[in-house]
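Topology and contacts: notes
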Amino acid sequence: MEKIKQIYEGKAKKLFSTDNPDLVIQEFKDDATAFDATKRGTVLNKGIINNKLSEKIFELLAKKGVPTHFVKRLNDRDMLVKKVEIVPIEMTVRNIVAGGMAKLLGLEEGIVLKEPVLEYHYKEDKLHDPLINEYHVKALGIATDKELETIDKYSLKVNEELKKFFDSKGIILVDFKLEFGRFKGQIILADEISPDTCRLWDKTTKEKLDKDRFRRDMGNVEEAYQEVLRRIMDI
Ligand code: 5GP
């Protein structure tokens, strides 16, 4: 499958049309941004690592009954995916307090939550992806009741499966962000799942193995991403 024309460029990925109107190619870049792109940089090989990790995770989730946009990985940086209309909600799932939740509620990072917390953030960088609730989603027609029900159900299922999976690799799944899209009337999981979109801590040392190393200038960002890849691929 060949790239025909670039149709979108985001912070970490580009999208290209193909000769099939239902399919697009998602190219993973090494560019890294944080704090609504006020901090910019590159992480060597990040695109290659995130492409492979997302492939592995999408395959696992499909087997567990969560439909995704993933079709196949084409090469190091390119993945063939279904062309969706993105629902403008960044769905955050949290198991442990960190990042935005620690700040919002004045809590220490690391508090284990009694149950997963689902948060909807309206996907709009200019507004810093503000936290909204289900009333906003429904009243503004961002998604229908039925779509939101499906998004919640899949998000909790993704959490359940990925918590188990990462745990078996010695990694704690602290929190993550998902994006969903509409494809032929159905809600499916889209975007990527990688250390860019998840907080991952080593189970024994609690060392951060994710984008917080970039956000917080902790160094060894590529090494941390490589470590996640090594563990996930059992290499
Ligand atoms: P927080 O709301 O604490 O900043 O983020 C919660 C989780 O969602 C973290 O794992 C974070 O990486 C992910 N996340 C939230 N918003 C974004 C975003 O705009 N881009 C990326 N890459 N990840 C995000």
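If you're wondering where the values come from, they're calculated on a predicted model, not measured in any experiment.

The next thing to look at is the site of the ligand. Contacts to the ligand come from 16 residues, most closely from Arg94, Gly100, Asp175, Arg199 and Arg215. Taking Glu90, its side chain carries an N or O atom lying 3.3 Å from an oxygen atom of the ligand. When contributions to the shell around the ligand are tallied by element, the ones reaching two or more residues are β9 (89-96), α2 (99-105), β12 (171-183) and β14 (198-202).

Applying the stated rule across the entire model yields two aromatic pairs. Summarising the aromatic geometry, the rings of Phe58 and Phe70 are spaced 6.3 Å apart at their centres and angled 25° between planes, so their arrangement reads as stacked. Here the residue Phe58 occupies a position in helix α1 (residues 46-63), and Phe70 occupies one in strand β6 (residues 70-73), the gap between them amounting to twelve residues. The same class applies to Phe58 and to Phe70, which are both buried. The ring of Phe16 has Lys3 lying over it, and the distance from NZ or CZ to the ring centre is 4.6 Å. Lying across the ring of Phe214, Lys39 places its NZ or CZ 5.0 Å from the centre.

A word on the domain arrangement of the protein chain. Domain boundaries in the protein chain define domain 1 (6-82) and domain 2 (85-223). One C-alpha centre belongs to domain 1, the other to domain 2; they are set 17 Å apart. Each side of the interface is counted separately: domain 1 has 34 residues, and domain 2 has 27 residues. Interface of domain 1 and domain 2: buried area, both sides summed, is about 2,700 Å²; carbon and sulfur atoms make up 64% of it. Seen at the junction of domain 1 and domain 2, the total is six salt bridges. Notably, a salt bridge pairs Lys13 with Asp191, separated by 2.9 Å at the nearest N-O pair.

Before going further, it helps to examine the sheet that holds strand β7 (residues 78-82). Read across the sheet, five strands follow the order β1-β2-β3-β7-β6 without closing on themselves; strand pairing throughout is antiparallel. Edge positions in the sheet fall to β1 (6-9) and β6, since each of these pairs with one other strand and no more. Direction aside, the axes of adjacent strands within the sheet are offset by 25° on average. Strands in contact with α1 are β3 (23-28), β6 and β7; relative to β6, the strand with the most contacts, it is inclined by about 130°.

Counting residues in each nonpolar core, the largest one holds 49 residues, and the members touching the most others are Leu162, Leu189 and Ile193. In terms of residues, this core owes the most to one element, helix α4 (residues 145-167), which gives seven residues. When residues of this core are sorted by domain, at least three fall in each of domain 1 (6-82) and domain 2 (85-223). Excluding its chain neighbours within four sequence positions, the residues that come into contact with Leu189 are Phe58, Leu61, Val66, Pro67, Thr68, His69, Val158, Leu178, Glu179 and Phe180.

It is worth spelling out a nonpolar patch on the surface at this point. A cluster of nonpolar side chains, Leu104, Leu105, Leu107, Ile111 and Leu131, forms an exposed patch at the surface whose accessible area comes to about 440 Å². The topology assignment puts Leu104 in helix α2.

Under the criterion given, the structure shown has 36 salt bridges. Measuring nitrogen to oxygen at the nearest pair gives 3.4 Å for the salt bridge that ties Lys29 to Asp31. Notably, a salt bridge pairs Arg231 with Asp202, separated by 2.6 Å at the nearest N-O pair. Placement of the pair is Arg231 in helix α6 (residues 221-232) and Asp202 in strand β14, with a sequence separation of 29 residues. In this structure Asp202 comes out as buried when scored by relative accessible area, which is 8%. Counted as one network, the salt bridges with shared partners bring together Arg94, Glu109, Glu119, Asp175, Arg199, Lys208, Asp212, Arg215 and Arg216.

The rules behind these values
- Residues numbered from 1 in each chain as written.
- Predicted model: local features only at pLDDT ≥ 70, side-chain atom pairs only at ≥ 80, totals over all residues.
- Heavy atoms only, no water.
- Near = heavy atom within 4 Å.
- Polar contact = N/O pair within 3.5 Å; in protein donor to acceptor, adjacent residues only side chain to side chain.
- Helix = DSSP H or I, 4+ residues; strand = E, 2+ residues; numbered from the N terminus.
- Phe/Tyr/Trp six-rings, centres within 6.5 Å; stacked < 30°, edge-to-face > 60°.
- Buried < 20%, exposed > 50% of the residue type's maximum accessible area, 1.4 Å probe, protein only.
- Lys NZ or Arg CZ within 6 Å of the ring centre and 35° of its normal.
- Domains from an automatic or database assignment.
- Contact = heavy atoms within 4.5 Å.
- Buried area = accessible area lost by both parts, 1.4 Å probe.
- Salt bridge = Lys/Arg side-chain N within 4 Å of Asp/Glu carboxyl O.
- Pairing = 2+ DSSP bridges.
- Axes fitted to C-alpha atoms, helices over the stretch in contact; angles between N-to-C directions.
- Core = buried A, V, L, I, M, F, W, Y, C linked by side-chain atoms within 4.5 Å.
- Patch = residues over 30% accessible without salt bridge, like charges linked within 9 Å, V, L, I, M, F, W, Y side chains within 5 Å.
- Areas by Shrake-Rupley, 256 points an atom, 1.4 Å probe, with all protein chains shown as cover.

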